[in-house]
Amino acid sequence: QVQLVESGGGLVQAGGSLRLSCTASGSIARITAMGWFRQAPGKQRELVAAITSGGTTNYAYSLKGRFTISRDNAKSTGYLQMSSLKPEDTAVYYCAVSTFHLEPRTYDYWGQGTQVTVSS
């Protein structure tokens, strides 16, 4: 089992920045990748960014350049740095991890979600 705790969401003005954190505990040695997802009201959940245990990153094409995913293995924590935020970035952001090795990955453990609201 892996437990995930997210933090860092909140209210920010358009053009501002936020950094989300996701701390993992439990069977962290099984983690092969960490991803950040988001779901806006009335929309499907979408992958924002992911990073593998080997350090390979993947971004939603429309967000590349504004969002940066990273991790600190010593702290068992992943981060999503979001800059130049837009009102359309408003959503609940979820951290998830995969314990699978094959692509496309199944993310089998999820955090509780953190609200990000960007005001215009």
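Before reading on, note that the structure itself is shown above.
Quick summary incoming for the structure in this document. Computed from a predicted model, the values in this text were never measured in an experiment. (Residues numbered from 1 in each chain as written. Predicted model: local features only at pLDDT ≥ 70, side-chain atom pairs only at ≥ 80, totals over all residues. Heavy atoms only, no water.)

### Focus: the packing of aromatic side chains
We apply this condition: Between rings of Phe, Tyr and Trp, where Trp is taken as its six-membered ring, a pair exists when centres lie within 6.5 Å; planes separated by under 30 degrees are stacked, by over 60 edge-to-face, and by other angles tilted. Distance and angle both matter: a charge sits over a ring if NZ of Lys or CZ of Arg is within 6 Å of the ring centre and within 35 degrees of the ring normal.
In total, this model carries three aromatic pairs according to the counting rule given. Here the aromatic residues Phe-37, Tyr-94, Tyr-107 and Trp-110 are joined through ring pairs into a cluster of three or more. Above the ring of Phe-37, the side-chain terminus of Arg-45 is found at 5.9 Å from the ring centroid. Over the ring of Trp-110 we find Arg-45; its NZ or CZ atom is 4.1 Å from the centre of that ring.

### Quick look at the nonpolar core
Worth spelling out the cut-off: Nonpolar cores were defined as sets of buried Ala, Val, Leu, Ile, Met, Phe, Trp, Tyr and Cys residues, with membership established by side-chain atoms within 4.5 Å. Partly exposed residues are those whose accessible area sits between 20% and 50% of the maximum for their type, while under 20% is buried and over 50% is exposed, using a 1.4 Å probe and protein chains only. Starting at the N terminus, helices and strands are each numbered in turn, a helix being any DSSP run of H or I of at least four residues and a strand any DSSP run of E of at least two. By the convention used here, residues are in contact when the closest approach between their heavy atoms is within 4.5 Å.
Core analysis: the biggest nonpolar cluster contains 29 residues, and Leu-4, Trp-36, Val-48, Phe-67, Leu-80, Met-82 and Tyr-93 have the highest contact counts within it. For this core, the secondary-structure elements that each account for two or more residues are strand 1 (2-7), strand 3 (18-26), strand 4 (33-39), strand 5 (46-52), strand 7 (67-72), strand 8 (77-82), strand 9 (91-98) and strand 11 (114-119). Residue contacts for Tyr-93: discarding those within four places in its chain leaves Glu-6, Leu-20, Phe-37, Arg-38, Val-48, Phe-67, Leu-80, Met-82, Gly-113, Thr-114 and Val-116. The next biggest cluster of nonpolar side chains, apart from the first, holds five residues, and it includes Ala-33, Phe-37, Ala-50 and Ala-96.

### Points about the side chain of Arg-38
We count it as follows: In protein, a polar contact means a hydrogen-donor-capable atom and an acceptor-capable atom, both N or O and within 3.5 Å, with residues adjacent in sequence counting only if both atoms are side-chain atoms; elsewhere, any N or O pair within 3.5 Å suffices.
With respect to the helices and strands, Arg-38 occurs in strand 4. Among the polar contacts listed, one links the side chain of Arg-38 to the side chain of Asp-89, at a separation of 2.9 Å. Beyond its immediate sequence surroundings of up to four residues, Arg-38 is in contact with Gln-44, Arg-45, Glu-46, Val-48, Leu-63, Phe-67, Glu-88, Asp-89, Ala-91, Val-92 and Tyr-93.

### Considerations on the environment of Leu-11
Mapped onto the elements, Leu-11 comes out in strand 2 (residues 10-13). A sequence separation of 108 residues divides Leu-11 from Ser-119, and the C-alpha atoms of the two residues are 7.3 Å apart. Excluding residues within four positions of it along the chain, Leu-11 makes contact with Thr-117 and Ser-119.

### Here's the deal with the pairing of strand 9
Rules: Any two strands between which DSSP finds at least two bridges are classified as paired.
Extensive coverage of strand 9 is indicated by the burial of six of its eight residues. Both strand 4 and strand 9 contribute to a ladder of seven bridges, which runs antiparallel. Residue pairing across strands places Phe-37 opposite Tyr-94, the latter belonging to strand 9. As paired strands, strand 9 and strand 11 are joined by three bridges and run antiparallel to one another. The residue bridging Val-92 from the neighbouring strand is Gln-115, located in strand 11.

### Some words on the sheet that holds strand 8
Think of a sheet as strands paired side by side through backbone hydrogen bonds, with each pair either parallel or antiparallel. Formally: To get an axis, a line is fitted to the C-alpha atoms, and for a helix only the part in contact is used. The angle between two axes follows their N-to-C directions and goes from 0 to 180 degrees.
An order of 1-3-8-7 is seen for the four strands of this open sheet, with the pairing classed as antiparallel. Two strands in the sheet have a free side with no partner beyond their single neighbour: strand 1 and strand 7. Neighbour-to-neighbour, the strand axes of this sheet turn through a mean angle of 20°, independent of strand direction.

### Notes on the environment of Leu-20
With respect to the helices and strands, the residue Leu-20 is situated in strand 3. Remark: the alpha-carbon pair of Leu-20 and Tyr-93, spanning 73 residues in sequence, is separated by 8.6 Å. Excluding anything up to four places from it in sequence, Leu-20 contacts Ser-7, Gly-8, Gly-9, Trp-36, Gly-78, Tyr-79, Leu-80, Met-82, Tyr-93, Thr-114 and Val-116.

Worth remembering: the numbers are spatial, not functional.
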